[in-house]
Amino acid sequence: MSDVVLWIVVGTALAFDFTNGFHDTANAVATSISTRAMPPKVAVSLAAVLNFVGAFLSLAVAATIASGIVQADLITPAIVFAGLIGAITWNLATWYFGLPASSSHALIGGVVGSAFVAEGPDAVLGAGIIEKVVVPGLVAPMLALVVTAIAISLAYRIVGRRRPGPVTRGFRLGQIVSGSLFSLSHGTNDAQKTMGIIFLTLIANGNLSASDDVPTWVVVSAATAIALGTYVGGWRIIKTMGSRIIKMDPAQGFAAQTVGATVILSASHVGFPLSTTQVISGSIMGAGAAKRLSAVRWGVAGNIAIAWVLTIPAAAAVGGLTYAVVALFGADEAGPLVVAGLLLALLTAAFARRLATGRTLTAEG
Amino acid sequence: MAVVDFHALGQVVWVSLVAGIGVTVLFSVVIWGTDKTAAARREGQDGQALAYGVLAVAAMVVFSAAVITGVVVMLNKG
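This text gives an overview of the structure that appears in the document. Residue positions within a chain follow its written sequence, with the count starting from 1. As they are written, the chains are lettered A onward and the ligands numbered 1 onward, keeping that order. Per-residue local features of the predicted model are confined to residues with pLDDT of at least 70, and side-chain atom pairs are confined, for both listing and counting, to 80 or more; whole-chain, interface and lining totals are unaffected and use all residues. Here the side-chain values reflect all heavy atoms present in the structure, with hydrogen atoms and water set aside.

Under the DSSP-based scheme used, a helix requires at least four consecutive residues in state H or I and a strand at least two consecutive residues in state E, with every element numbered from the N terminus. When its secondary structure is counted, chain A shows 12 helices and zero strands. Computed over the C-alpha atoms, the radius of gyration of chain A is 20 Å, within 12% of the 21 Å expected from 2.2 N^0.38 for a compact globule of 365 residues. The dimensions of chain A, computed from C-alpha atoms along their principal axes, are 70 × 40 × 40 Å. Out of the 365 residues belonging to chain A, those deemed buried represent 59%. Each radius of gyration reported is based on C-alpha atoms, and the globular scaling rule is 2.2 Å times the count of residues to the power 0.38. Only protein chains enter the area calculation, which uses a 1.4 Å probe; residues under 20% of their type maximum are buried, those over 50% are exposed, and those in between are partly exposed.

Within chain B, the regular secondary structure consists of two helices and zero strands. Over its C-alpha atoms chain B spans a radius of gyration of 18 Å, topping by over 25% the 12 Å that the globule rule assigns to 78 residues. Taking all 78 residues of chain B together, the buried fraction comes to 37%. For accessible areas, the Shrake-Rupley method is used with a probe of radius 1.4 Å. Any residue's cover is judged against the shown protein chains and nothing else. Within the structure as shown, chain B displays about 4,200 Å² of accessible surface, and the carbon and sulfur contribution to it stands at 71%. Put simply, chain B has 4 plus and 4 minus side-chain charges, and the middle of one group is 5 Å from the middle of the other. In this tally Asp and Glu are treated as negative and Lys and Arg as positive; neither His nor the chain ends contributes. Here the site of a charge means NZ on Lys, CZ on Arg, CG on Asp, or CD on Glu.

What follows concerns the pattern of salt bridges. In the sections that follow, a salt bridge refers to a side-chain nitrogen of Lys or Arg positioned within 4 Å of a carboxyl oxygen of Asp or Glu. Following the criterion strictly, the structure yields three salt bridges over all chains and no others. In this structure, Arg-162 of chain A and Asp-35 of chain B form a salt bridge, with 2.9 Å as the shortest nitrogen-oxygen distance. Separated into two different chains, Arg-162 of chain A in the loop between helix H5 (126–159) and helix H6 (164–204) and Asp-35 of chain B in helix H1 (residues 6–42) make up a pair that spans both. Take Arg-162 of chain A: its relative accessible area is 18%, and that puts it in the buried class. A relative accessible area of 2% means that Asp-35 of chain B is categorised as buried. For Asp-35 of chain B, the salt bridge is made with Arg-163 of chain A, and the minimal N-O distance between the two is 2.4 Å. Taken together, the residues span two chains, with Asp-35 of chain B in helix H1 and Arg-163 of chain A in the loop between H5 and H6.

Another point: the side chain of Asn-51 of chain A. Residues and elements named next belong to chain A. Relative to the elements of secondary structure, Asn-51 occurs in helix H2 (residues 40–57). Taking the relative accessible area as the measure of exposure, Asn-51 reaches 2% and is therefore buried. The contact definition used throughout considers only heavy atoms, calling two residues in contact when any of these lie within 4.5 Å. Ignoring sequence-local partners within four residues, the contact set of Asn-51 consists of Ser-183, His-186, Gly-187, Ile-226 and Thr-230.

Interface size, as often reported, equals the accessible area lost upon joining of the parts. Contact residues are listed per partner, giving 44 residues for chain A and 38 residues for chain B. Summed over both sides, the interface between chain A and chain B buries roughly 3,500 Å², with carbon and sulfur atoms accounting for 77% of that surface. Summed over the shared surface of chain A and chain B, the result is two salt bridges. Counting residues per element, the ones that place at least two in the side of chain A that touches chain B are H5, H6 and helix H9 (250–270) of chain A. Looking at the side of chain A that touches chain B element by element, the count peaks at 13 residues for H5 of chain A. Looking at the side of chain A that touches chain B, its residues break down into 30 nonpolar, 11 polar and three charged. Buried surface area refers to the total accessible area, computed with a probe of radius 1.4 Å, that the two partners give up upon joining, counted for both partners together. Side-chain classes are defined by residue name, with Ala, Val, Leu, Ile, Met, Phe, Trp, Tyr, Cys and Pro counting as nonpolar, Asp, Glu, Lys and Arg as charged, and the others, Gly among them, as polar.

Another point: the nonpolar core. Counting residues in hydrophobic clusters, the biggest one holds 106 residues, and the most contacted among them are Val-29, Phe-81, Phe-171, Ile-238, Met-241, Ile-245 and Ile-284 of chain A. Looking at which element gives the most residues to this core, the answer is helix H1 (residues 3–34) of chain A, with 14 residues. Sequence-distant contacts of Ile-238 of chain A, defined by excluding residues within four places in its chain, comprise Thr-25, Ala-26, Val-29, Ala-30, Ile-33, Val-44 and Ser-243 of chain A. Buried Ala, Val, Leu, Ile, Met, Phe, Trp, Tyr and Cys residues that are joined via side-chain atoms within 4.5 Å together make up what is termed a nonpolar core. Residues Ala-144 and Val-279 of chain A together with Val-4 and Leu-9 of chain B belong to the second largest nonpolar core, which totals 19 residues.

Moving on to helix H3 (residues 77–96) of chain A. All names here are of chain A. Taking 1.5 Å per residue as the helical rise, H3 with its 20 residues ought to reach 28 Å, and the 28 Å between its terminal C-alpha atoms agrees with that figure. Across the 20 residues of H3, 16 count as buried, placing the element largely inside the fold. Gly-98 sits one or two residues past H3 and shows a positive phi near 70 degrees. For a helix, the expected span equals 1.5 Å multiplied by the number of residues minus one.

Right, let's talk about the side chain of Thr-262 of chain A for a bit. Tracing the sequence through the fold places Thr-262 of chain A in helix H9. Within polar-contact distance, the side chain of Thr-262 of chain A engages the backbone oxygen of Val-259 of chain A at 2.8 Å. Those residues within four positions of Thr-262 of chain A in sequence are excluded, and the remaining contacts are Ser-16, Ala-19 and Gly-20 of chain B. For the purposes of these results, a polar contact is taken to be a pair of N or O atoms within 3.5 Å, where, inside protein, one atom must be able to donate a hydrogen and its partner to accept one; residues adjacent in sequence count only when each atom of the pair is a side-chain atom.

Two rings belonging to Phe, Tyr or Trp (six-membered ring only in the last case) form a pair when the distance between their centres is within 6.5 Å. Interplanar angles under 30 degrees mark stacking, angles over 60 mark edge-to-face geometry, and anything in between is tilted. Inspection of every chain in the model, using the stated rule, returns 10 aromatic pairs over all chains. Aromatic side chains Phe-18 of chain A and Phe-22 of chain A sit 5.9 Å apart centroid to centroid with 65 degrees between the ring planes, which places their arrangement in the edge-to-face category. In this pair, Phe-18 of chain A and Phe-22 of chain A are both assigned in helix H1, four residues apart and thus about one turn of the helix distant. Ring centres 5.3 Å apart and planes at 90 degrees place the aromatic pair Tyr-96 of chain A and Phe-97 of chain A in the edge-to-face group. Classification of Tyr-96 of chain A as partly exposed rests on a relative accessible area of 31%. For Phe-97 of chain A, a relative accessible area of 60% corresponds to the exposed category. One aromatic cluster is present, formed by Phe-171 and Phe-254 of chain A together with Phe-27 and Phe-63 of chain B through successive ring pairs.

Turning our eyes to something else, we now look at the packing of H5 of chain A against helix H10 (residues 276–291) of chain A. Residue and element names in this part refer to chain A. Where helices are involved, their axes are fitted lines through C-alpha atoms of the stretch in contact, as for all axes, and angles between N-to-C directions lie from 0 to 180°. Interhelical geometry of H5 versus H10 gives an angle of 40 degrees and a closest axis separation of 7 Å. Overall, the two elements H5 and H10 adopt an arrangement that is oblique. Like other packed secondary-structure pairs, H5 and H10 cross with a definite hand, here right-handed. For the pair formed by H5 and H10, the contact residues are Pro-136, Gly-137, Ala-140, Pro-141, Ala-144, Leu-145, Thr-148, Ala-149, Ile-152, Ser-153 and Tyr-156 on the first element and Gln-278, Val-279, Gly-282, Ser-283, Met-285, Gly-286, Ala-287, Ala-290 and Lys-291 on the second. Among the residues forming the contact of H5 with H10, the class breakdown is 12 nonpolar, seven polar and one charged. Any angle from 65 to 115 degrees is called roughly perpendicular, while one under 35 is roughly parallel, one over 145 is roughly antiparallel, and all others are oblique. A clockwise turn of the near helix away from the far one marks a right-handed crossing, whereas an anticlockwise turn of less than a right angle marks a left-handed crossing.

Below is the structure:
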């Protein structure tokens, strides 16, 4: 592999990390913003700092995101590059429509699609997709929904007869803690994906051996990319999560964040891969449904579920198409250079539009 | 065919139930106890105020311990 291809893959991985940050900001801060526990800028800044710190807390790069899903020995930098493009494209598309979808599943889908086109169906491990995507995808939202519904029902029973002022202020304070815990866990989970990809690419290029430590510049650059993405903030998705699924009070926001964090941490502890996006979405629906079923806008929830189902095939299609385009240019750096150039143009256009829409939402608070 | 780790899944379910519901209930007790303490003080019932205050502080201590446990779990991942 030429050094040019290496640095294109590294740059693309950091671009994915950035989209991961701004796409998933909503997971941590949407409830805090919608219940006015924190002003939007403060909430997003705190999430950015905690995502940055979280990236340094854990360096378990051995379990990379696509392991067990594609044949590891068939993976090349071009496949990783095309997979990253598929994931970035899906992240941008779902951000544009304000739909919270899993960045991890987008990355898995992208790599599956590019590996399929590059090496054929044998490169894809169907059992791994069922184990790491399908089953967790069913469990995460349902578990979070049920646990949050029980938790908020009990919370309402306990504080229901107390004065609304102190109760609201109390849960808003609690949300600072629960939202911070969620941001920290997001940083430890998601920055690892990018670090793992860059680390493996450096090994494949002969810069490192598998027994080496993760270079400091990899940790710092991945942490910085996800923190910057978080700070930029995916305001469209924040609006969906914070006010379009249900109209939330501080008690519901606290319960959703707390249950979301405990589900993610318990799953992470036993090695069961759950999507933070799916968990917090399920929690928010549970917090609303416990009050009354009609409190949840099921049409919005349905759109989110459709986005979840489409994530793997859509990212796989773009990943596969990208690999086919890259392969047209041969084995040198021309293909990745052309595709990376197109991606940069797309990102520039997308963020130019975001500046127009993002300010409006920020002003609404 | 995939081998789904049902043992891990079961652990996630019961830990989520206990921790998610437990932490939410604990913090609700903190708020309830704090407000009851303030109400008892306003009515001049110092004994009740002390009892509710102790309950609120105890719930806060356990809540804080749960949050610290969450951070420790994160630190022990890798």
